[in-house]
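Structural overview
Letter by letter, the chains look like this.
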6 protein chains.
Amino acid sequence: MKIKVVNPNTSRAMTAAIGRAACAVAGPGVEVLATCPAMGPASIESHYDEALSVPGLLAEIAADRADGYVIACFGDPGLDAARELADGPVAGIAEAAMRTAAYLGGGFSVVTTLNRTTGRAWDLARRYGLAGFCRGVTACDVPVLEVEAAVDTVVAACRAAVRADRSDVVVLGCAGMTEQREEIERRVGVPVVDGVQAAVLQVESLVRMGLRTSAAGEFAAPPPKPYTGLLERFAVGVN
Amino acid sequence: MKIKVVNPNTSRAMTAAIGRAACAVAGPGVEVLATCPAMGPASIESHYDEALSVPGLLAEIAADRADGYVIACFGDPGLDAARELADGPVAGIAEAAMRTAAYLGGGFSVVTTLNRTTGRAWDLARRYGLAGFCRGVTACDVPVLEVEAAVDTVVAACRAAVRADRSDVVVLGCAGMTEQREEIERRVGVPVVDGVQAAVLQVESLVRMGLRTSAAGEFAAPPPKPYTGLLERFAVGVN
Amino acid sequence: MKIKVVNPNTSRAMTAAIGRAACAVAGPGVEVLATCPAMGPASIESHYDEALSVPGLLAEIAADRADGYVIACFGDPGLDAARELADGPVAGIAEAAMRTAAYLGGGFSVVTTLNRTTGRAWDLARRYGLAGFCRGVTACDVPVLEVEAAVDTVVAACRAAVRADRSDVVVLGCAGMTEQREEIERRVGVPVVDGVQAAVLQVESLVRMGLRTSAAGEFAAPPPKPYTGLLERFAVGVN
Amino acid sequence: MKIKVVNPNTSRAMTAAIGRAACAVAGPGVEVLATCPAMGPASIESHYDEALSVPGLLAEIAADRADGYVIACFGDPGLDAARELADGPVAGIAEAAMRTAAYLGGGFSVVTTLNRTTGRAWDLARRYGLAGFCRGVTACDVPVLEVEAAVDTVVAACRAAVRADRSDVVVLGCAGMTEQREEIERRVGVPVVDGVQAAVLQVESLVRMGLRTSAAGEFAAPPPKPYTGLLERFAVGVN
Amino acid sequence: MKIKVVNPNTSRAMTAAIGRAACAVAGPGVEVLATCPAMGPASIESHYDEALSVPGLLAEIAADRADGYVIACFGDPGLDAARELADGPVAGIAEAAMRTAAYLGGGFSVVTTLNRTTGRAWDLARRYGLAGFCRGVTACDVPVLEVEAAVDTVVAACRAAVRADRSDVVVLGCAGMTEQREEIERRVGVPVVDGVQAAVLQVESLVRMGLRTSAAGEFAAPPPKPYTGLLERFAVGVN
Amino acid sequence: MKIKVVNPNTSRAMTAAIGRAACAVAGPGVEVLATCPAMGPASIESHYDEALSVPGLLAEIAADRADGYVIACFGDPGLDAARELADGPVAGIAEAAMRTAAYLGGGFSVVTTLNRTTGRAWDLARRYGLAGFCRGVTACDVPVLEVEAAVDTVVAACRAAVRADRSDVVVLGCAGMTEQREEIERRVGVPVVDGVQAAVLQVESLVRMGLRTSAAGEFAAPPPKPYTGLLERFAVGVN
C-alpha cells in the first residue's frame with residue numbers, strides 16, 4: 001500500500017518532518033511518500049496562501065498514483081477538489097485530527113500558529129460537524145516555519161487553552177508541530193492529536209477496508225473541459 | 001465609483017452577459033467593469049474547476065484597483081482570499097443572492113445547473129447561516145455554458161422546486177442565468193433573485209456607506225512571502 | 001423612488017436624525033421619507049414597548065404608498081406584519097445591519113443600549129441565521145434617547161466588545177447611534193455598521209432589482225376580517 | 001389559585017370553548033378565568049392579525065391580577081411583553097404544546113389551520129429549541145373560526161401528517177381545536193397534545209412550585225415612559 | 001392518581017428527601033411513592049454509575065403499576081428504556097427542570113455537584129433542544145451524598161454562575177438539592193428550578209390530560225426476547 | 001496489540017461473524033478478541049435491550065486487559081461508561097461508521113434493522129455532530145438475528161435509501177450485517193461502511209498513535225463507591 005502525503009507549502013524541511021512523523025505510525029507494508037509542490041507559497045498563513053497552494057497540491061495528487069492521499073496543511077486546502085481527482089481516498093489533517101479527538105474526550109482545544117488562522121479552524125470545525133466538540137481555538141502567535149522550534153511556546157499555549165476552554169484533549173493546528181506531538185502531550189498532560197498521523201492512519205484504514213471516495217455524487221471525476229493560460233495543463237480528460 | 005465584476009470562468013460571452021445584467025441595476029455614476037481571467041477553466045462545474053479558477057480570479061482582482069469587487073460564480077470561489085487581497089469590499093454571488101432572498105419570503109429554493117453542484121450550494125447556505133431559509137437545492141441538469149439558452153428547462157425546474165420545497169422565493173444558482181431573471185420571475189410567479197445583480201448592488205451599498213473588509217482580523221492583507229514556480233508572480237509584498 | 005423609513009418610537013428628534021443619516025447614503029433620485037407614528041411609546045426599551053410600537057408603525061406603513069420601507073428600531077418590531085401589509089419590500093435595521101456585517105469580517109459584536117435588550121439582539125441573530133457570525137452582544141447602559149449624546153460611552157463599549165469577543169466588525173444596536181457611525185468607526189478602528197443606512201440601501205437595491213416580498217406564501221396580504229374596539233380602523237379589506 | 005387564560009382574538013364562542021377545555025384539566029381549587037380582549041381582530045390568521053392582537057391581550061393581562069396567565073393562540077403573540085408585564089408566570093400554548101409533546105414520543109407533527117401559518121409554527125419550534133422534535137407542520141386549510149366544526153378534516157390531516165412525517169405524536173396548532181382533542185386522539189391513534197390544556201397545567205405547576213418569571217434580566221418590568229395617541233393608556237408606571 | 005418517583009441511587013435518606021419535596025408540590029389526591037432500587041451504586045457520579053443504576057431503576061418501574069413515573073437523577077438514566085417499559089408517562093428531572101426553566105427567563109445556569117458531570121448536563125441540554133437556553137453549567141465540587149448539607153457552597157456557586165453566565169434562572173443539577181430549593185432561591189435572588197418537583201408536576205399534568213408515551217414509534221413496548229445470566233429476570237414478555 | 005471487540009448481545013454466532021470481519025481488516029500483529037457477555041439480551045432491538053446490555057458489556061471490558069476496545073452494536077450502548085472504565089481507547093461502531101462515512105462522500109444513508117431503531121440512529125448522528133452528513137435513516141424491517149441471512153432485503157433497502165435520500169454512501173446500521181459489506185457494496189454501487197471494521201481500525205490507529213481516552217475530564221476513572229444487590233461486584237475501587 002502506498003500513501004502519498006502532500007504538504008501544500010514548498011518547504012522541503014517541513015515536508016521531511018511530515019514524512020518522518022507519518023512513517024512512525026504507518027502500518028507494516030505501508031509505503032509513505034511525502035511530497036511538496038513545485039509551485040506555490042513557502043508557507044500557508046492566509047486564505048490567499050491557501051487558495052494558491054491548491055494548483056501545486058492538485059498537480060502532486062495527479063502526478064503518480066497512490067492508494068490514498070493526505071493533505072498535510074491544517075486548512076485542508078483543496079480537499080473537495082482532491083477527492084474528485086484522486087483515485088483513492090483522501091483525508092485532510094484538520095478533518096482527521098478533529099474527528100480523532102472526538103473519540104478521546106469531552107471536548108478539545110485547537111492550538112494553531114497565527115491568530116488570523118483561528119477563523120479558518122472554526123469554519124472547518126463547523127463544516128465537519130465538530131463545533132460541539134471544539135471548545136476553543138487558540139493561536140500561539142508563531143509563524144508556520146518557526147513553529148517546530150518553538151515547542152515551549154506551543155506547550156504554554158496548550159496548557160492555557162486546556163484551562164480556559166475546560167477541554168480535555170488538544171488538537172495541534174499546524175503540520176509543522178507533528179514531530180513535537182509526544183513531547184507536547186507529555187508536558188501538557190492530556191491527549192494531544194496530530195493531524196498528519198491521524199490522517200495517514202485514517203487513509204490506511206480506508207484502503208484496508210476497500211473504501212474510496214464515492215463516485216456517485218458530488219465527488220465524481222470532474223467533467224472534462226478546456227483550460228487556458230498558465231493552467232492549461234490542468235485540463236482533465238481533454239487532449 | 002468603479003465596481004469590478006469578475007466571472008471566474010474564461011467564457012467571454014458569459015462575461016459580457018454578466019456585465020449587461022450588472023449595468024442594468026447599478027446606480028447612476030457607477031461604472032461596472034466585467035472581466036474574466038486569462039487562465040483557468042472554460043466553465044466551473046466541479047470542485048476541481050472551482051479550485052483552479054481561483055488563481056486567475058485573484059490575478060483579476062489584483063490587476064487594477066476598483067472600489068469594490070464581485071465574484072460572479074455561484075460557488076463563490078476564492079472569496080476569503082479575495083477579501084484579504086482587495087482594497088475594497090468583495091461579495092460573492094451565492095452569498096449575495098441567498099442573503100437577499102432572505103428579505104423576500106419565508107424560504108427559498110436554489111435552482112442550479114448540474115446535480116453535482118447541489119452539495120456546494122448547501123455548503124454555502126450553511127456557511128452563510130442560511131440553511132434555515134434554504135428549503136431545497138434543485139439541479140436542472142444543464143451545463144453552465146448552455147444554461148442561458150435553456151430558459152424553458154430552468155423555468156420548469158423552478159416551478160417544480162417551489163412546489164416540492166414549499167418555498168416562496170427562487171435563487172438562481174448560476175451566473176449564466178442572470179439575463180433571464182425577469183423572464184423566469186414572470187413565468188414562475190414568485191420573486192426570483194439573481195446573484196450577479198444582488199452582489200453588485202450589495203457592493204455598491206457598502207461603498208456608499210464607506211464600508212470595506214475589516215483589516216483587524218482574519219481578512220487582513222496576507223503576510224508577504226516567497227512563491228515559487230508557475231505561481232511565482234502571485235507573491236504578495238515581496239520583490 | 002420613494003423609501004419610507006419608519007422610526008417606531010415617537011421621538012421627532014430621533015426621527016430627524018434617522019432621516020439625515022438615511023439621506024446621506026441614498027442614491028441619486030431616491031426620496032427618503034422619515035416618519036414616526038402618531039401613537040405609541042416615546043422610546044423602545046422593552047418587549048412591552050416594542051409590542052406596543054407596532055400598531056403605530058403599521059399605520060405609518062399603510063398611510064401612503066412608497067416603493068420600499070425600513071423599520072428603524074433594532075428590535076425589528078412588526079417586521080413580519082409589515083411585510084404582509086406593504087406594497088414594496090421591507091427591511092428591519094437589525095436584519096440589515098447584521099447581514100451587512102457578515103460581508104465585512106470574520107465575526108461582529110453588537111453594541112446596544114440597555115442590558116435588557118441583549119436577549120432580543122441574540123434572538124434576532126439566531127432567527128436571521130447569524131448566530132455563527134455574532135460573537136457577542138454588549139450593552140453600554142445608556143437609555144435610547146440619550147445614546148446620541150453618549151458617543152464616548154459607546155466608543156468605549158465598542159472597543160471593549162471587539163477585544164472581549166475577538167471580533168473584527170461592530171454593529172450598532174440602536175437607531176439612535178446612526179449619525180455617530182463615522183466617528184465611532186474612526187475611533188474604534190474596525191468597520192462599524194449602522195442598520196439605518198444598511199436597511200435603506202438594502203431596500204433601494206431590492207427596488208432597483210424589481211424585487212418585493214413574495215405574495216405566494218406566508219407574507220401574502222392578510223386575509224380581510226373585522227377588527228373591534230380601539231383598533232377597529234386597522235381592519236384590512238373590510239369596509 | 002386563579003389562572004387567566006386570554007384568547008387574543010375577540011370570538012366569545014371560541015373563548016368559552018377554551019375556558020371549558022381549561023377547566024376540564026385544572027386541578028381542584030384552581031379557578032380558570034377565560035377572557036378575550038375588547039379590541040382587536042376577530043381571528044388570528046396572519047402576522048398582521050397577530051401583531052394587532054397584542055395590545056388587547058396586554059390590556060387583559062394588566063386588567064386584574066391572577067396567579068398565572070396563558071396566551072391561548074398558537075402563534076404565542078405578545079409572550080415576551082406579557083412576561084415583563086405580568087405578576088405571575090405566563091405560558092403560550094404553542095410553547096407549552098410543543099414542550100409537552102417532547103415528553104411523549106420520538107417526534108411530533110403540528111397540524112394547523114391555514115397554510116400561511118406554517119411558517120410561524122416552524123419559527124416558534126426553532127425558537128423554543130424544538131426543531132429537532134418537530135417533524136412536520138401541516139395545514140388542514142380551514143379558517144380558525146371554522147376549525148371547531150371541521151373535526152373530520154383535522155383528523156384526516158393528522159393521519160396524513162403522522163404517516164408523511166414518520167412522527168408518533170400530534171400537536172394541535174390552533175386553540176380552536178381544544179375541545180376536539182380527545183376525539184382526534186381516539187381516531188388518529190397517537191397522543192394528541194392540545195396547547196390550551198398543556199399551558200394551563202404548566203402555569204398551575206409553576207405557581208405550585210412558587211416559580212415566576214425572573215425579574216433579574218430581560219423580563220424585568222418595563223421601564224416607565226410616556227405613551228401617546230390611541231395607546232396612551234398603555235404607559236406603564238407613569239401617571 | 002399514583003406517581004412513582006424512582007431515585008436511581010440506593011441512598012434511603014436521599015430517597016426520603018426526594019419524596020418529601022415531591023409531596024410538597026403534588027396536587028390534592030395525588031399519591032407520591034418515592035423508591036430506590038435494591039441494587040446498584042450508592043450515588044451516581046460517573047457515566048459508569050449511571051449506566052449501572054439502570055437495571056435497578058427499571059426493576060422499580062416494572063415492580064408495581066403507577067399512573068406516571070419520575071426518574072430522580074439529573075443524568076436522566078434509563079429514560080428511553082423506561083418510556084418503553086412503563087404503562088404511564090415518564091419524565092426525567094434534568095429534562096423537566098431545563099424545560100421548566102425555559103418558561104421563566106432569558107437563559108439558565110445549571111449548578112451541579114462534581115465537575116465531571118458537567119459534560120452530561122450539556123449533552124442533555126443539547127438533546128432536549130435547550131442548548132440555546134443553557135448559558136452555563138457549573139460544578140460546586142461537592143459529592144452527591146454531601147450536597148444536601150452544603151447549601152452555602154451551592155448558593156455561592158449559583159451566585160457566581162448567574163453573574164458569569166449572565167443568566168436569570170438557576171437549575172439545580174442534582175436531586176440531592178431538592179429540599180434546599182426555596183432557601184437557595186431566596187438567597188440567590190433569581191428563580192431556582194428543582195427537577196424533582198418540576199418532573200412530578202409534569203407527570204401529574206400529563207396524567208390529568210390523559211396523555212402517555214406514544215406506542216406508535218420508537219417507544220413501543222420492547223419486543224419479547226430471552227435474557228440470560230444475572231439479568232435473566234429482566235426478559236420482557238417471555239416466560 | 002490486542003483489541004477486544006465486545007458484541008453486547010449474547011448471540012455466539014453473531015459474535016463469531018463480528019470476529020471474522022474484524023480480523024479481515026486488522027493490521028499485521030493485531031490480535032482481535034471478539035467476545036459477548038455472559039448476561040443480557042439475546043439481541044438488541046429496543047432502548048430497554050440496549051440499557052440492559054450494558055452491565056454485561058462493562059463486565060467484558062473489565063474482564064481482562066486489552067490495548068483498545070470496540071462496542072459492536074449500532075446503538076453504541078455504554079460507550080461513555082466504557083471510556084471511564086477501560087485502560088485503552090474505546091470506539092462504538094455507530095460512531096466509527098458514521099465518522100468514516102463522512103470521509104467518503106457528500107452525505108450518507110443509514111440502513112438499519114427494525115423501524116423502531118431509527119430514532120436512536122438519528123440521536124447518535126446528532127450527538128456525534130454528523131446530522132449534517134446523515135441524509136436519512138431507513139429500516140429494512142428485519143430482526144437483528146435474521147439480518148445476516150436477509151442480504152437481498154438489505155440491498156433493496158440500501159438502493160431505495162440512496163435514491164430517496166440523494167446520498168452517495170451507505171452506513172450499515174447493525175453489526176449483524178458486517179460480513180455482507182462487500183457484497184452489498186458491489187450490488188448497490190456506492191461505498192458501504194461497516195462499523196465493526198471501521199471501529200476496529202479506528203482503535204488500532206489510536207493505539208498506534210499512543211492515544212487513549214483523556215483522564216483529565218469527564219472520562220476519568222469512576223470514583224470508587226459501594227454497589228449493592230445483584231450488581232455488587234461492579235463496585236470499582238472498593239474491596
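Residues numbered from 1 in each chain as written. Chains lettered and ligands numbered in written order. Predicted model: local features only at pLDDT ≥ 70, side-chain atom pairs only at ≥ 80, totals over all residues. Heavy atoms only, no water.

Some points on the sheet that holds strand 7 (residues 134–139) of chain F
Residue and element names in this part refer to chain F. One open sheet accounts for four strands, arranged 7-6-8-9; its pairing is parallel. Strands at the two margins of the open sheet, each flanked by one partner only, are strand 7 and strand 9 (192–193). Along the sheet, helix 4 (residues 93–101) makes contact with strand 6 (108–112), strand 8 (169–172) and strand 9, crossing strand 8 at roughly 175 degrees. (Pairing = 2+ DSSP bridges. Helix = DSSP H or I, 4+ residues; strand = E, 2+ residues; numbered from the N terminus. Contact = heavy atoms within 4.5 Å. Axes fitted to C-alpha atoms, helices over the stretch in contact; angles between N-to-C directions.)

Notes on the state of the cysteines
Residues and elements named next belong to chain E. For the coordinates displayed, the defined rule picks out zero disulfides over all chains. Here Cys23 is not cross-linked by a disulfide; its sulfur's nearest cysteine counterpart is in Cys36, at 15 Å. On the basis of relative accessible area, Cys23 is assigned to the partly exposed category, the value being 45%. (Disulfide = S-S within 2.5 Å. Buried < 20%, exposed > 50% of the residue type's maximum accessible area, 1.4 Å probe, protein only.)

Comments concerning the packing of helix 6 (residues 151–165) of chain E against helix 7 (residues 181–188) of chain E
Each pair of packed helices can be summarised by the angle the axes make with each other and by the distance between the axes. All names here are of chain E. Packing of helix 6 against helix 7 leaves a shortest axis separation of 10 Å and a crossing angle of 45 degrees. The angle between helix 6 and helix 7 places the two elements in the oblique class. Pair helix 6 / helix 7 crosses with right-handed handedness. Facing Val151, Asp152, Val154, Val155, Cys158, Arg159 and Val162 of helix 6, the residues of helix 7 in contact are Glu183, Ile184, Arg187 and Val188. In terms of residue class, the contact of helix 6 with helix 7 is built from seven nonpolar, no polar and four charged. (Parallel < 35°, antiparallel > 145°, perpendicular 65-115°, else oblique. Left-handed = near helix turned anticlockwise from the far one by under 90°. Nonpolar A, V, L, I, M, F, W, Y, C, P; charged D, E, K, R; others polar.)

Focus: the domain arrangement of chain A
Residues and elements named next belong to chain A. Domain annotation of chain A identifies domain 1 (2–92 + 198–234) and domain 2 (95–195). The straight-line distance from the C-alpha centre of domain 1 to that of domain 2 is 22 Å. For the pair domain 1 and domain 2, the summed buried surface comes to about 2,000 Å²; carbon and sulfur atoms form 57% of the total. When the buried surface of domain 1 facing domain 2 is broken down by residue, Glu45, Phe74 and Ala198 rank first, second and third, together holding 37% of it. There are four salt bridges connecting domain 1 and domain 2. In this structure, the salt-bridge partner of Arg83 is Glu95, at a minimum N-O distance of 2.9 Å. Linking domain 1 to domain 2 there are 14 residue pairs in polar contact (both at pLDDT 80 or more). In terms of residues, the side of domain 1 that touches domain 2 owes the most to one element, helix 1 (residues 12–25), which gives five residues. (Domains from an automatic or database assignment. Buried area = accessible area lost by both parts, 1.4 Å probe. Salt bridge = Lys/Arg side-chain N within 4 Å of Asp/Glu carboxyl O. Polar contact = N/O pair within 3.5 Å; in protein donor to acceptor, adjacent residues only side chain to side chain.)

Brief notes about the relation of the copies chain A and chain B
Each copy superposes on the other: chain A lies on chain B with an RMSD of 0.0 Å after a rotation of 180 degrees and an axial shift of 0.0 Å. Read as a symmetry element, the transformation amounts to a two-fold axis. Both copies contact each other with a shared surface, as 100% of the interface residues of chain A are interface residues in chain B too. (Least-squares fit on C-alpha atoms with pLDDT ≥ 70 in both.)

Describing the interface of chain A and chain B
Each side of the interface is counted separately: chain A has 44 residues, and chain B has 44 residues. Area buried by chain A at its contact with chain B is led by Tyr48(A), Arg116(A) and Leu230(A), which between them contribute 21% of it. The salt bridge partner of Lys225(A) is Asp49(B), with a shortest N-O separation of 2.7 Å. Applying the counting rule to chain A against chain B returns 28 residue pairs in polar contact (both at pLDDT 80 or more). Counting only elements with at least two residues in the side of chain A that touches chain B, the list comes to strand 3 (40–41), helix 2 (47–63), helix 3 (79–85), helix 5 (118–127) and strand 10 (227–228) of chain A.

Some details on the side chain of Thr112(A)
All names here are of chain A. With respect to the helices and strands, Thr112 occurs in strand 6 (residues 108–112). Thr112 sits in the buried class, given a relative accessible area of 3%. At a separation of 2.9 Å, a polar atom in the side chain of Thr112 contacts the side chain of Thr117. Every residue in contact with Thr112, bar those within four places of it in the chain, is listed here: Thr117, Thr118, Val137, Thr138, Ala139, Cys140, Gly173 and Met177.

What to know about helix 4 (residues 93–101) of chain A
Burial runs high along helix 4 of chain A: nine of the nine residues are buried. Within helix 4 of chain A, the full set of buried residues consists of Ile93(A), Ala94(A), Glu95(A), Ala96(A), Ala97(A), Met98(A), Arg99(A), Thr100(A) and Ala101(A).

A short note on the sheet that holds strand 1 (residues 2–6) of chain E
Residues and elements named next belong to chain E. Read across the sheet, four strands follow the order 2-1-4-5 without closing on themselves; strand pairing throughout is parallel. Strands with a single pairing partner mark the edges of an open sheet, and in this sheet they are strand 2 (31–35) and strand 5 (90–92). For this sheet, the mean inter-axis angle between neighbouring strands, taken without regard to orientation, is 20 degrees. As paired strands, strand 1 and strand 4 (residues 68–71) are joined by four bridges and run parallel to one another. Along strand 4, the bridge assignment pairs Val5 with Val70. This element, helix 2 (residues 47–63), spans strand 1, strand 2 and strand 4 of the sheet and lies at about 165 degrees to strand 1.

Some details on the nonpolar core
Generally speaking, soluble globular proteins have nonpolar side chains that are buried together. Counting residues in each nonpolar core, the largest one holds 522 residues, and the members touching the most others are Met98(A), Met98(B), Met98(C), Met98(D), Met98(E) and Met98(F). In contact with Met98(E), other than residues within four places in its own chain, are Phe74(E), Phe108(E), Val110(E), Ala121(E), Leu124(E), Ala125(E), Tyr128(E), Leu130(E) and Val171(E). (Core = buried A, V, L, I, M, F, W, Y, C linked by side-chain atoms within 4.5 Å.)

A word on the packing of aromatic side chains
When we look at a pair of aromatic rings, we describe it by the centre distance and by the angle of the planes. Under the criterion given, the structure shown has six aromatic pairs over all chains. Seen in terms of ring centroids, Tyr48(A) and Tyr227(B) are 6.2 Å apart; in terms of plane orientation they differ by 55 degrees. Their pairing is tilted. Taken together, the residues Tyr48(A) in helix 2 and Tyr227(B) in strand 10 (residues 227–228) connect one chain to another. On the basis of relative accessibility, which here comes to 4%, the residue Tyr48(A) falls in the buried class. On the basis of relative accessible area, Tyr227(B) is assigned to the buried category, the value being 4%. When the ring centre of Phe133(E) is taken as reference, the NZ or CZ atom of Arg99(D) above it lies at 5.6 Å. (Phe/Tyr/Trp six-rings, centres within 6.5 Å; stacked < 30°, edge-to-face > 60°. Lys NZ or Arg CZ within 6 Å of the ring centre and 35° of its normal.)

Quick word on the pairing of strand 7 (residues 134–139) of chain D
Within a regular strand, the side chains alternate between the two sheet faces. All names here are of chain D. Where strand 6 (residues 108–112) meets strand 7, five bridges bridge the pair, whose relative direction is parallel. Residue pairing across strands places Thr112 opposite Ala139, the latter belonging to strand 7. Handedness of the crossover is the feature at issue here: the chain leaves strand 6, passes through helix 5 (residues 118–127), returns alongside strand 7, and the resulting connection is right-handed. (Right-handed = clockwise from strand over helix to strand, strands pointing away.)

Concerning the pattern of salt bridges
As a working rule, side chains carrying opposite charge can pair if their charged atoms are close by. On inspection of all chains with the given rule, the structure shows 102 salt bridges over all chains. One salt bridge in this structure joins Asp123(A) and Arg127(B), with 3.0 Å as the shortest N-O distance. Of this pair, Asp123(A) sits in helix 5 while Arg127(B) sits in helix 5 (residues 118–127), each in a different chain. The salt bridge involving Arg181(D) is made with Glu185(D); its shortest N-O contact spans 2.7 Å. Here Arg181(D) pairs with Glu185(D), and both are found in helix 7 (residues 181–188), just four residues apart, close to one helical turn.

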